[in-house]
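This is what each chain is made of:
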Protein chains: 2
Amino acid sequence: MASTSETARATELERALRAQGVRITRQRTALLKVLAAAGDHPDANELHRRAHALDAKVSLATVYRTLTALEAQGVVQRHTFENAPARFETANTPHHDHMIDIDTGEVMEFRSERIEKLQAEIAAELGFELVRHRLELYGRKRRKD
Amino acid sequence: MASTSETARATELERALRAQGVRITRQRTALLKVLAAAGDHPDANELHRRAHALDAKVSLATVYRTLTALEAQGVVQRHTFENAPARFETANTPHHDHMIDIDTGEVMEFRSERIEKLQAEIAAELGFELVRHRLELYGRKRRKD
DNA sequence: ATGCAGTTGAGAATGAATTGCAAATAATAG
DNA sequence: CTATTATTTGCAATTCATTCTCAACTGCAT
């Protein structure tokens, strides 16, 4: 069952699509629900699996097309981690970077103001205006002994 | 003409291959020369083009196979930047991260001890041992006016 | 309801990278 | 130097994620 916040999030995604002059179809509605409910970082295939469970009339091509539209509106982010299909997440949370468990593939989010600041400084030193960045930490859970 | 250091670098790459029990063939020799001489971050296709110019008997498949072997030995690094084929560089330089010009695709290297340190700290806070990371800054040259 | 521009699914196409296989060849023994 | 053998090669076929093509379908403004 969708919580209130999930429903609200789905509505917000829908608004973003409408803003792009895009029609709200059954298949998009299904995908938006899935995205709103996702607490993880699923890839296109997994999103298709989930949306297809809600409404069998959802094809993988449409999942890709809709994700691209949502990404263009900035409400969904696409992450291409190391040699793996792209993973997606709704961009309702503020900017953050990712820590990936190299054993399980689990993705964690974190944010460091200091790193953000340092990045901008470095870009400036190199004579660049920083447009975006990608920071991924790959590690292994430390067993507490 | 290859400078002394280039030759030395090529020899070092060759050593790394031998250490893996791999045979030194004409095609690998050509690729090693190309890698040793490269000051940029070429992709497999470009490396193939250059190696093929030295010795027409070099196929793209062999370039990929050899790059994989060199990567396994840690003497070559593979970088997969945003939606683009992987680019390669010899790992004779100490660790560094990359700044990519989003207009030209040009790749610049930089290193920040502070960022390195912060990354390790963050991983530790999340309960992870940092194995490796990927930091890419995407920006646009600032015109000096 | 009606029209039509946007959307769909299915499958073909793409592009990077890998792989199977028979012929070619480097390293080694003699 | 030659034979032996385990690697390596080129080529084509394959894989995998993603995008595209196109005829049929469908939101949705009127």
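Residues numbered from 1 in each chain as written. Chains lettered and ligands numbered in written order. Predicted model: local features only at pLDDT ≥ 70, side-chain atom pairs only at ≥ 80, totals over all residues.

Trainee: Which residues make up helix α2 (residues 26-37) of chain B, and what are the values?
Mentor: All names here are of chain B. Counted at 1.5 Å a residue, the expected span for α2 with its 12 residues is 16 Å, and the 17 Å between its end C-alpha atoms agrees. By the criterion of burial, α2 is predominantly enclosed, with nine of the 12 residues buried. Buried within α2 we find Gln 27, Arg 28, Ala 30, Leu 31, Leu 32, Lys 33, Val 34, Leu 35 and Ala 36. (Helix = DSSP H or I, 4+ residues; strand = E, 2+ residues; numbered from the N terminus. Expected span 1.5 Å × (residues − 1). Buried ≥ 20, exposed ≤ 12 C-beta atoms within 10 Å, placed from the backbone.)

Trainee: So what's going on with the sheet that holds strand β4 (residues 107-110) of chain B? Which residues, and what values?
Mentor: Pairing is mixed across the open sheet formed by six strands, whose spatial order is β4(A)-β3(A)-β5(A)-β5(B)-β3(B)-β4(B). Each having just a single partner strand, β4 (107-110) of chain A together with β4 of chain B make up the two edges of the open sheet. Adjacent strand axes in the sheet meet at a mean angle of 25 degrees when their direction is disregarded. Lying over the sheet, helix α5 (residues 113-125) of chain A contacts β5 (128-141) of chain A together with β3 (97-101), β4 and β5 (128-141) of chain B, oriented at roughly 135 degrees with respect to β5(A). Its contacts with the sheet put helix α5 (residues 113-125) of chain B on β3 (97-101), β4 and β5 of chain A together with β5 of chain B, and the angle it makes with β5(B) is roughly 135 degrees. (Pairing = 2+ DSSP bridges. Axes fitted to C-alpha atoms, helices over the stretch in contact; angles between N-to-C directions. Contact = placed C-beta atoms within 7 Å.)

Trainee: Give a detailed account of the interface of chain A and chain B, specifying residues and quantitative values.
Mentor: As a measure of interface size, the accessible area lost when the parts come together is often cited. Listed as interface residues are 28 residues of chain A and, on the opposing side, 28 residues of chain B. Of all the elements in the fold, those that place two or more residues in the side of chain A that touches chain B are β4, α5 and β5 of chain A. For the side of chain A that touches chain B, the element with the most residues is β5(A), which contributes 14 residues. In terms of residue class, the side of chain A that touches chain B is made up of 15 nonpolar, five polar and eight charged. Bridge count between β5(A) and β5(B): 13 bridges; the pairing is antiparallel. Bridge pairing in β5(B) links Arg134(A) to Glu136(B). (Nonpolar A, V, L, I, M, F, W, Y, C, P; charged D, E, K, R; others polar.)

Trainee: Report on the protein's contact with DNA strand D, specifying residues and quantitative values.
Mentor: In the neighbourhood of DNA strand D, 22 residues make up the surrounding shell, with Ala61(A), Ala86(A), Val22(B), Ser59(B) and Thr62(B) lying closest. Looking at the surface near DNA strand D, the elements that each hand over two or more residues are α4 (60-72) of chain A together with α2 and α4 (60-72) of chain B. Per-class residue counts for the surface near DNA strand D are nine nonpolar, six polar and seven charged. (Near = placed C-beta within 6 Å.)

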